[in-house]
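The residues making up each chain are set out below.
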Amino acid sequence: MPSAVIQWFPGHMAKTRRLITECLPLVDIVIEVLDARIPLSSKNPEIERIIGQKPKLTVFSKASLADPAASKRWKEYYKSNGSTAIFYDCRGGDNINSIAPAVREILGEKLDRYESKGMTGRRLKAMLVGIPNVGKSSLINMLASTSKAKVEDRPGVTLNKQWVTTSIGIDLLDMPGVLWPKFDDQAVGENLAITGAIKDDVLDLEQIAFLLVGRLRKIAPEKLCERYKLGDIHQYDELEDYELFEVIGKKRGFLISGGEVNYERTANMLLDEFRAAKIGRITLEMPE
């Protein structure tokens, strides 16, 4: 795995940690946005420590890219642990209307206290936290019914905190997306690289694509074979991941002089097609 994946921006994390700590007293609840394809790897381990006892709602973005059966298992896993998990999709707006009721349910006691004091109709305030490119800006724009937050399909677009008023009675405070300085588990860095949470220009994309092929041949062999017309996956059992990568490049006709596979073009194609769910709706991690 390229070292650039593991050694990233401790300075950014420290700045964002301070920002979150300073702003916590201003909000009623924290909404943590995770990537439905990588529910574990997209969860910043620092967040729990930073927010402490502040109420929290977990929402999973990019649900339309994830395996629905896997998302169902994750939802059941959260429920069994006494937590609410909402899977939504900003493209179609699926389940987006579940967020406001979930926030009000979590804050039920506080809202009851407000009502007993005659403070009905008070707007709630929520802080949005999550890794880069997880979809926070898209979520804000869906809830605000306008394009108030800049949205691009690349990490690091939101660089400062910003308040956004929504039509659902909740004001949202968007925090910059940030990764943590050190990944204790190598697979976490790999998953973040594969899904696009880490900037591609600091990665060896060919190595990342080899890793992706290795994951897909294990967890989604049928989808991999169907997309790239590979036939039976078992005929490649003796091949290394990079060799199967070469087979895919040849199947696509991505060749250079001498009949060699164009690694750069094949790697970019594989990562783009995975991230757009053209290979299929795939989740890289399960609850167990």
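Counting restarts for each chain, with residues numbered from 1 along the sequence as it is written. The model is predicted, so local features are restricted to residues of pLDDT at least 70 and side-chain atom pairs to those at 80 or more, both for listing and for counting; the totals for chains, interfaces and linings are taken over all residues. The side-chain values count all of the structure's non-hydrogen atoms but skip hydrogen atoms and water molecules.

Asks: Which parts of the structure should I look at to understand the pairing of strand β1 (residues 29–35)?
Replies: Side-chain positions along a regular strand alternate between the two faces of the sheet. β1 sits mainly inside the fold: seven of its seven residues count as buried. A 1.4 Å probe rolled over the protein chains alone gives each residue an accessible area, and that area as a share of the maximum for its type sets the label: buried under 20%, exposed over 50%, partly exposed in between. Secondary structure follows DSSP: runs of H or I at least 4 residues long count as helices, runs of E at least 2 residues long count as strands, and numbering of each begins at the N terminus. Side chains of β1 alternate between two faces, with Ile29, Ile31, Val33 and Asp35 and Val30, Glu32 and Leu34 buried alike. DSSP-based pairing: two strands are paired if at least 2 bridges between them are found. Bridge analysis of β1 against strand β4 (residues 124–130) gives five bridges, and the strand direction is parallel. Residue pairing for β4: Glu32 is matched across the bridge by Val129. Note that β1 and strand β2 (residues 56–61) share six bridges and pair parallel. Along β2, the bridge assignment pairs Leu34 with Phe60. Think of it like this: strands point away, you trace from the first strand over the helix to the second, and a clockwise trace means the crossover is right-handed. As a crossover connection, the stretch from β1 through helix α3 (residues 45–51) into β2 is right-handed.

Asks: Help me out: how do you make sense of the packing of aromatic side chains in this one?
Replies: Here a ring pair, both rings aromatic, is described through the centre-centre distance and the interplanar angle of the planes. Any pair of Phe, Tyr and Trp rings, taking the six-membered ring for Trp, is counted once the centres come within 6.5 Å. Such a pair is stacked with planes under 30 degrees apart, edge-to-face with planes over 60 apart, and tilted for the rest. Within the structure shown, the criterion is met by eight aromatic pairs. Note on Phe60 and Tyr78: the rings are 5.6 Å apart at their centroids and 85 degrees apart in plane angle, and the pair reads as edge-to-face. Of the two residues, Phe60 is situated in strand β2 and Tyr78 in helix α4 (residues 68–80); the sequence distance between them amounts to 18 residues. Ring centres of Phe210 and Tyr242 lie 6.3 Å apart, and the angle between their planes is 55 degrees; this geometry places the pair in the tilted category. With Phe210 in helix α9 (residues 205–219) and Tyr242 in helix α11 (residues 241–251), this pair connects stretches of sequence that are 32 residues apart. Pairwise contacts between aromatic rings join Phe60, Trp74, Tyr77, Tyr78 and Phe87 into one cluster.

Asks: Whenever I open this one, the side chain of Glu285 confuses me. Can you help?
Replies: Mapped onto the fold, Glu285 is located in the segment after α12 (263–275). N or O atoms closer than or at 3.5 Å make up a polar contact, with two conditions inside protein: a donor-capable atom paired with an acceptor-capable one, and, for residues adjacent in sequence, both atoms drawn from side chains. Reaching out from Glu285, the side chain makes a polar contact with the backbone nitrogen of Leu40 at a distance of 2.8 Å. A polar atom in the side chain of Glu285 sits 3.0 Å from the side chain of Asn191. We call two residues in contact when some of their heavy atoms are within 4.5 Å. Setting aside residues up to four positions removed in sequence, Glu285 forms contacts with Arg37, Ile38, Pro39, Leu40, Ser41, Trp74 and Asn191.

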